[in-house]
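Coordinate analysis (summary)
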Amino acid sequence: MRNRMVLCIIIAVLLSLCSCGKKHEKYTTLIADMANDGIISEKEESLWSYKYLTEKCPEKNSCIFDGVTYEGNYDHSIIEKYNSFTTNIYYSDDGVVFGLKKDDGKLVYINLMNNKFWDTEPFLEDVENPEGYCLEYAKKIAENYVSDISSYEVLKKEPSVYSNLKDDKEYTMTLYEYTFHRLVSGYYSSDAIAVLVTSKGHVAQVLTGDIDVFSKKTPKVEDSVLQQKLNSRIKEVYKNAGYSVNDIIIETQVICVTPDGETCVYSSVSLKLAQKDGSTKGTKIRFATFLD
């Protein structure tokens, strides 16, 4: 009898371990995030915690960026949205923040906008043709991380303009942000790098994604199937919540690899909903559609 009980316990543990490693079936579409408006209140899948993690790593570390060495003290770790890897974050004594990839120690993030930056950068002269100069500079920075920049599509964010008053004179500084995305199966991917450059001609911040994560395999996506699954899930979710869906606007869709190693398309969607009384309201929701 005792042997039988032990055997049952072993089987239960093995089944538990197997179920934990089970992957989602292809085109399974689950709620990954939602607007904080109370319409939908629970996720079906949590891919990125957005919380600070604590890792066992060196308390002090250094990196080299653009020929300059930065040393810092460990503060926390984080798994950035769309990334499969953990980044360990360090702070230098003068406020420069940099992130090193947990697995291999590569520099994947640096923020140079410390107090010294804001005390000096806004008051410098703009370079000639700032937008053109900053794009070319951003490309040069990105080329240090990717093998072929021509295979990446660049997205430009609306420039941010900052005004400062000093000695009764107004100074302005513009920040240009460029994100270089590798297209995978027709979708923007997490194989990306974002570079922030000032109109004064200096890099302010660099953030890399999962560079070369799709170099060994390109996931196959049947776009019509994916969109049909997404639309039907949206209607199902909000029908269960007491709403009908009037309008679906897909804002972004990014193909990425989760921290668990699964490939998915992460869709950010805006919706117009109708209630039974005829009134309408807007909301936003995000779904992960798994491809493995």
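Bear in mind the structure is a predicted one, so any value in this text is a computation, not a measurement. (Residues numbered from 1 in each chain as written. Predicted model: local features only at pLDDT ≥ 70, side-chain atom pairs only at ≥ 80, totals over all residues. Heavy atoms only, no water.)

**Some words on the overall build of the protein**
Helix and strand counts for the protein come out as four helices and 14 strands. If one aligns the C-alpha atoms of the protein with their principal axes, the spans along those axes are about 80 × 60 × 35 Å. On the protein, roughly 16800 Å² of surface is accessible, and the fraction owed to carbon and sulfur atoms is 48%. Separation between the mean location of the 34 positive side-chain charges and that of the 43 negative ones in the protein comes to 9 Å. (Helix = DSSP H or I, 4+ residues; strand = E, 2+ residues; numbered from the N terminus. Areas by Shrake-Rupley, 256 points an atom, 1.4 Å probe, with all protein chains shown as cover. Lys, Arg positive; Asp, Glu negative; His and termini not counted. Charge placed at Lys NZ, Arg CZ, Asp CG, Glu CD.)

**Some points on the packing of aromatic side chains**
According to the stated counting rule, one finds nine aromatic pairs in the structure shown. With 5.1 Å between their ring centres and 85° between their planes, Phe117 and Trp118 make a pair best called edge-to-face. We classify Phe117 as buried; its relative accessible area is 7%. According to the relative accessible area criterion, Trp118 is partly exposed, its value standing at 31%. Through successive ring pairs, a cluster of aromatic residues spans Trp48, Tyr82 and Tyr266. In this structure, Lys101 packs its charged tip against the face of Phe85, placed 4.7 Å from the ring centre. (Phe/Tyr/Trp six-rings, centres within 6.5 Å; stacked < 30°, edge-to-face > 60°. Buried < 20%, exposed > 50% of the residue type's maximum accessible area, 1.4 Å probe, protein only. Lys NZ or Arg CZ within 6 Å of the ring centre and 35° of its normal.)

**Considering the pattern of salt bridges**
Overall, the coordinates contain eight salt bridges when judged by the stated rule. The partner of Lys139 in a salt bridge is Glu136, and the shortest N-O contact between them spans 3.8 Å. Here the residue Lys139 and the residue Glu136 both occupy positions in helix H3 (residues 130–142), the gap between them amounting to three residues, near one helical turn. (Salt bridge = Lys/Arg side-chain N within 4 Å of Asp/Glu carboxyl O.)

**A short note on the layout of surface pockets**
For the largest pocket, the calculated volume is near 830 Å³. Elements represented by at least two residues in the lining of the largest pocket include exactly strand S3 (68–78), strand S4 (87–91), strand S7 (152–156), strand S9 (169–184), strand S10 (187–198), strand S11 (203–208) and strand S12 (244–257). Element by element, the count of residues in the lining of the largest pocket is highest for S10, at six residues. Among the residues making up the lining of the largest pocket, the classes are represented as 16 nonpolar, 10 polar and five charged. Quantified by volume, the second largest pocket comes out at close to 340 Å³. Lining the second largest pocket we find 16 residues, and of these Tyr70, Leu112, Phe117, His202 and Val203 sit closest to its centre. Taken together, the elements giving at least two residues each to the lining of the second largest pocket come down to S3 and helix H2 (115–120). (1 Å grid on protein atoms, 1.4 Å probe; cavity = no way out; pocket = protein on both sides within 12 Å on 5 of 7 lines; lining within 4 Å. Points joined across faces, edges and corners; volume = space filled by probe spheres on them. Nonpolar A, V, L, I, M, F, W, Y, C, P; charged D, E, K, R; others polar.)

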